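Reading the structure
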Amino acid sequence: MAMATRILHWLEDRLELSSIRRLAVHKEVPVHRFSWAYFLGGAVLFLLMIQLGTGILLLLYYRPSAEEAYESVQFIVAEVEFGWLIRSMHSWSANLLVGMAFLHLFTTFFMKAYRKPREITWMSGVLLLFLMLAFGFSGYLLPWNELAYFATQVGTDIVGAVPLIGHPLMVFLRGGEQVTGATLTRFFGFHVAVLPALTTLLLLLHLGLVQKHGMSVPPKMIGKPYQTLPFFPNVLLRDIMAWYILLAVLVTLCAFLPWELGSKADPFAPAPQGIRPEWYFIFMFETLKIIPSNVLGIEGETLGVVGFGAAALALIVVPFWDYLARRLGRPGLLTLLGVLAVIYMAVMTLVGYL
């Protein structure tokens, strides 16, 4: 006991752990009927930690080359003890992570949590969502299976439709004119080095801003008295219970629906029927399919890509659109547009599957 006390004193002198403890104790979380939304950010962070842990374990056996990638994943699934479980957890948690990130974005949007002084918190959160999508796109190719190969070919073709910089950007992503082993190596570098570094920087900024400004409340509660709960230990224990539920869902999915590997990619084989991206890109994919090939002399695919780029930029600067709408006396306009956007994304995703 005396040894433990000395160790704690030694750590306190060097790390000032008491300041962190005081910060946690003094943090208050508002209580209202939408308080459940506060758990979504913690859920995203928890799934991100699972991604990190399972990704490191997969790296011990994965070999990023066209000749060995598929076989290394096959070895992980069939030969490594619990390798199938680790791979399934990595794949399923990636999908749950994107789903939770979208849900976190929507609840933040409809609670108007992007208003002053949280504009930068919102913008960093949107950029983090884009990075999660980039993780999904880059990681999809790494098993080097048939479906991932042709989906990546279609996805990078769409990037090539960006005006002016499309073709150079496509060549940069592919490492050449076609999807080859160089593309796989490049995507591996993005997935395990570039994107994690950017995510770490943005995540630290985002969490720091959340800590600085605290939790927002719905606009109707501003200026009115409301109850709060201390973050430590009350809200933290609830966060941990939510993580347990998420873990149970994740393990159940892995046990009953293990992630399939499919057939090895063959660049010389014809593309299989029904090629489509992951579910979180399907609404974009279906939109590009229904746009006419030529609109007022502009290629339809180019118009669609520019439209999605403009929508992404508009999403980043939502706090300023909201400020402008309120100045013009239309405070509900942005909410209406948000509802229509969510309905559109849901409908187009269902169309893609049905």
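The text that follows walks through the structure, step by step, so that each part is easy to find. Please read all numbers here as calculations on a predicted model, not as lab measurements.

With respect to the side chain of histidine 90
Of note, histidine 90 is situated in helix α5 (residues 83–110). Here the side chain of histidine 90 touches glycine 55 through a polar contact of 3.5 Å, landing on its backbone nitrogen.

Observations regarding the side chain of threonine 54
You can see threonine 54 is positioned in helix α3 (residues 38–59). With near-sequence residues (within four places) excluded, threonine 54 lies in contact with Ile86, Met89 and His90.

Focus: the packing of helix α4 (residues 69–78) against α5
Between α4 and α5, whose axes approach to 5 Å, the crossing angle comes to 115 degrees. Contacts between α4 and α5 involve Val73, Ile76 and Val77 on the former and, on the latter, Gly83, Trp84 and Arg87. In terms of residue class, the contact of α4 with α5 is built from 4 nonpolar, 1 polar and 1 charged.

Topic: the nonpolar core
Of all hydrophobic cores here, the largest spans 37 residues; its most connected members are Phe102 and Trp122. For this core, the secondary-structure elements that each account for two or more residues are α3, α5, α6 (119–140), α9 (181–213), α10 (231–256) and α14 (333–353). Aside from chain neighbours lying at most four places away, what touches phenylalanine 102 is Leu129, Leu133, Tyr280 and Met345. In terms of nonpolar packing, the next biggest core, distinct from the first, is built from 23 residues, Trp144, Phe150, Ala151 and Leu184 among them.

With respect to the environment of leucine 147
Inspection of the secondary structure puts leucine 147 in helix α7 (residues 146–159). As a C-alpha pair, leucine 147 and alanine 265 span 118 residues in sequence and 7.5 Å in three-dimensional space. Setting aside anything within four residues of it in sequence, one finds leucine 147 in contact with Tyr140 and Ile275.

Some details on unusual backbone geometry
With omega at 10 degrees, the peptide bond leading from lysine 116 into proline 117 counts as cis. Counting through the fold element by element, proline 117 comes out in the loop between α5 and α6. For the peptide bond that leads from phenylalanine 232 to proline 233, omega is 5 degrees, which places it in the cis range. Along the chain, proline 233 turns up in helix α10. If you check the backbone angles, lysine 112 has positive phi at about 60 degrees while not being a glycine. Mapped onto the elements, lysine 112 comes out in the loop between α5 and α6.

Points about α9
When the terminal C-alpha atoms of α9 are compared, their 46 Å separation across 33 residues agrees well with the 48 Å that a helix rising 1.5 Å per residue should span. Where α9 bends most, the angle comes to about 40 degrees, and this point is phenylalanine 190. Residues of α9 that are buried: Thr183, Leu184, Phe187, Phe188, Phe190, His191, Leu195, Thr199, Leu202, Leu203, His206 and Leu209. Next to the buried residues of α9 lie α3, α4, α5, α6, α7 and α8 (166–174). Of the residues one or two after α9, glycine 214 is the one with positive phi, at around 75 degrees.

Re the pattern of salt bridges
If you walk through the whole model with that rule in mind, you get 6 salt bridges. A salt bridge links lysine 264 to glutamate 71; its shortest N-O distance comes to 3.0 Å. On the criterion of sequence distance, the pair formed by lysine 264 in the loop between α10 and α11 (282–290) and glutamate 71 in helix α4 is long-range, its members being 193 residues apart. Judged by its relative accessible area of 32%, lysine 264 falls in the partly exposed class. By relative accessible area, glutamate 71 is classed as partly exposed at 31%. One salt bridge in this structure joins aspartate 322 and arginine 115, with 2.8 Å as the shortest N-O distance. Of this pair, aspartate 322 sits in helix α13 (residues 318–327) while arginine 115 is found in the loop between α5 and α6, placing the two residues 207 residues apart along the sequence.

About the thresholds
- Residues numbered from 1 in each chain as written.
- Predicted model: local features only at pLDDT ≥ 70, side-chain atom pairs only at ≥ 80, totals over all residues.
- Heavy atoms only, no water.
- Helix = DSSP H or I, 4+ residues; strand = E, 2+ residues; numbered from the N terminus.
- Polar contact = N/O pair within 3.5 Å; in protein donor to acceptor, adjacent residues only side chain to side chain.
- Contact = heavy atoms within 4.5 Å.
- Axes fitted to C-alpha atoms, helices over the stretch in contact; angles between N-to-C directions.
- Nonpolar A, V, L, I, M, F, W, Y, C, P; charged D, E, K, R; others polar.
- Core = buried A, V, L, I, M, F, W, Y, C linked by side-chain atoms within 4.5 Å.
- Buried < 20%, exposed > 50% of the residue type's maximum accessible area, 1.4 Å probe, protein only.
- Expected span 1.5 Å × (residues − 1).
- Bend = angle between axes of the 7 residues up to and from the residue.
- Salt bridge = Lys/Arg side-chain N within 4 Å of Asp/Glu carboxyl O.

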